[in-house]
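Each chain is listed here by its residues.
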Amino acid sequence: MSSQEIPEENLPAEQEAAHGAVEVAEDPFADPGLPAHKPRIQDIDERAAKRSERAVALMFTLSMLATVGFIASYVIFPVDKIVYIWPFGHVSALNFSLGLTLGVALFTIGAGAVHWARTLMSDVEVADDRHAIEATPEVKAKVLADFAAGAEESAFGRRKLIRNTMFGALALVPLSGVVLLRDLGPLPEKKLRNTMWAKGKQLINMNTMEPLRPEDVAVGSLTFAMPEGLEESAHDFQNQIAKAALMIIRIEPDNIKDKREREWAHEGIVAFSKICTHVGCPISLYEQQTHHVLCPCHQSTFDLSDGARVIFGPAGHALPQLRIGVNSEGNLEALGDFEEPVGPAFWERG
């Protein structure tokens, strides 16, 4: 059909005239813009803002209290204390308290910051065009201005209660990390300087587990002893015997060269530490004629007739001597603790 045969009302021009201009489709990528800002109750009601401020400050304060509780847990709960807590069952009191208090301290800081941002900081959305990575002086100035505006909108300067409690919470939380250094090992205190020996403690024969009597120690013999009250079944037996083990030797008093050794002995019976002052090996090789004892590890040799001084080997110090006597029952007893620290590597540190 030719154009002459098409009715006029069906021609495009006629249709445009009849119905107006043709509608142009909308751009699907057009910027829709930002929705109108709706103020929050805290923006229009200062009492609501104060309530939010107090809520945030409360959470920061709880964080401070939890941090103090974390530190106090180290002092209050012993490592081996087990308690029953439903629904967890039997747990370590120390581990549970540390986890609970540290979790509360960190959670309340985060929760307080989120609540602060959602209720008191400005929530006005701002659109900005993309710009080059390299900032121009104008952009830098704008960033600084935006930062200043953000600081002003956050009410950080006006809300002093929030600011001060936040600073307190952030200042105390790092103390938890300092306290964790406690787990590097037990505090030495005076443990290296003292042993279980004390005045009145009987010398117990480590072979018979009976109190030693002077007649039990023959001239030229070597006997090992430990303090009364120390049991092999005790959980700290190895730690205690490593410091308190004794060598008991009987020497003719005229053969003792050192004056203090003779005074601290009983009828020629002398008591020296069994722990070598080189690397802590137990000494057990005794030569009757010379009164020398030899450490089997590195051949350090000590003269027990002359204050147990070192006469050969790498040991740097004499063996400590224990002053002994006899009690009313006729048993050998200590008259005090060692006056020098027992064992190796302590002299230079302590």
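Residues numbered from 1 in each chain as written. Predicted model: local features only at pLDDT ≥ 70, side-chain atom pairs only at ≥ 80, totals over all residues. Heavy atoms only, no water.

Here's the deal with the sheet that holds strand S7 (residues 285-287)
Two strands in a sheet stick together by hydrogen bonds in their backbones, pointing the same way (parallel) or opposite ways (antiparallel). Ordered by their spatial adjacency, four strands build an open sheet running S7-S8-S9-S10, and the pairing between neighbours is antiparallel. Bordering the open sheet on either side are S7 and strand S10 (309-312), each of which pairs with just one other strand. Averaged over all adjacent pairs, the angle separating strand axes in this sheet is 30 degrees, with direction ignored. Here three bridges tie strand S9 (residues 301-303) to S10, and the two strands are oriented antiparallel to one another. (Pairing = 2+ DSSP bridges. Helix = DSSP H or I, 4+ residues; strand = E, 2+ residues; numbered from the N terminus. Axes fitted to C-alpha atoms, helices over the stretch in contact; angles between N-to-C directions.)

Examining the pairing of strand S2 (residues 89-92)
One ladder, built from four bridges, connects strand S1 (residues 82-85) with S2; its direction is antiparallel. Pairing of Tyr84 across the sheet is with His90, part of S2. Where S1 folds back onto S2 in an antiparallel hairpin, the turn is made up of three residues.

Brief notes about a nonpolar patch on the surface
A contiguous nonpolar patch, built from Leu175, Val178, Leu181 and Leu184 and spanning about 410 Å² of accessible area, is present on the exposed surface. By the element assignment, Leu181 lies in the loop between helix H6 (160-180) and strand S3 (203-205). By relative accessible area, Leu181 is classed as exposed at 52%. (Patch = residues over 30% accessible without salt bridge, like charges linked within 9 Å, V, L, I, M, F, W, Y side chains within 5 Å. Areas by Shrake-Rupley, 256 points an atom, 1.4 Å probe, with all protein chains shown as cover. Salt bridge = Lys/Arg side-chain N within 4 Å of Asp/Glu carboxyl O. Buried < 20%, exposed > 50% of the residue type's maximum accessible area, 1.4 Å probe, protein only.)

A closer look at the packing of helix H4 (residues 93-119) against H6
Packed helix pairs are specified by the crossing angle of their axes together with the interaxial distance, meaning the distance between the axes. Closest axis-to-axis distance for the H4/H6 pair is 11 Å, and the angle between their directions is 150 degrees. Of the possible angle classes, the one that applies to H4 and H6 is roughly antiparallel. The crossing of H4 and H6 is left-handed. Residues Leu102, Ala105, Leu106, Ile109 and Trp116 of H4 touch H6, and the partners they reach there are Ile162, Met166, Ala169, Leu170, Val173 and Ser176. (Parallel < 35°, antiparallel > 145°, perpendicular 65-115°, else oblique. Left-handed = near helix turned anticlockwise from the far one by under 90°. Contact = heavy atoms within 4.5 Å.)

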